[in-house]
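Read off the chains here:
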Amino acid sequence: TRLRALRVSGIRPDSLSGSSVLEIGCLEGRFLHHLKTFYGCKVLGVDINRDIAHKAMETLGIKILTDNIEATSALKHNEFDMALMFHVLEHVKSPVGVVKKVHESLRESGRILVEVPNGKTEPYTPDHYHFFSRDSLRKTLENCFHGVRIREDLYRDSAGVSRGSLHASAFK
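What comes next concerns the included structure. (Residues numbered from 1 in each chain as written. Predicted model: local features only at pLDDT ≥ 70, side-chain atom pairs only at ≥ 80, totals over all residues. Heavy atoms only, no water.)

This part covers the environment of E115. Relative to the elements of secondary structure, E115 occurs in strand β5 (residues 106-117). In this structure, the C-alpha to C-alpha distance between E115 and V8, residues 107 residues apart in sequence, is 10 Å. If near-sequence neighbours (up to four positions away) are discounted, E115 is found in contact with A5, M85, F86, H87, V88, E90, S165, L166 and H167. Here the side chain of E115 touches S165 through a polar contact of 2.9 Å, side chain to side chain. (Helix = DSSP H or I, 4+ residues; strand = E, 2+ residues; numbered from the N terminus. Contact = heavy atoms within 4.5 Å. Polar contact = N/O pair within 3.5 Å; in protein donor to acceptor, adjacent residues only side chain to side chain.)

The next subject is the sheet that holds strand β1 (residues 20-24). On the basis of which strands lie adjacent, the open sheet formed by 7 strands has the order β3-β2-β1-β4-β5-β7-β6 and mixed pairing. One side of each edge strand has no neighbouring strand; the edge strands of this open sheet are β3 (64-65) and β6 (146-156). As paired strands, β6 and strand β7 (residues 162-171) are joined by 9 bridges and run antiparallel to one another. Directly across from I150, in β7, lies its bridge partner A168. Each of β1, β4 (80-86) and β5 is contacted by helix α4 (residues 95-105), which is oriented at about 145° to β5, the strand it contacts most. (Pairing = 2+ DSSP bridges. Axes fitted to C-alpha atoms, helices over the stretch in contact; angles between N-to-C directions.)

See below:
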């Protein structure tokens, strides 16, 4: 879950209280709703699935841009304290381009948290353009961020299959 990803990365959810949070690939916006409701965060989501995003906006009252993150110009500069991407970077054609766009949207003291499948344990998936190792994820983030920390996490998916993720956090 997204809360688990925060914990694995050493980020306490209450440390986000009152901050502005951008989640790219937010799906139906439930995690953003949780952050808004329980921690008073100002939230914005980005998701390419228009149907899911519109339903989330109607039911949860979360603002979600229905743009492709690689093409959007709707993100403002220096607007967010935290950017979250859970299983997004492997789906984009230019991870470095997305990381740069996220960097621009963060305030000077902003942070990024990224979770991607661990390329060592991930089976081939045709909608994944990239399979990240610790080193390749670090290099991708170090184009714009400093203090990159990467942790590995093993878990079982809904089918009980053992999977691995890489969790990276960094500062602007």
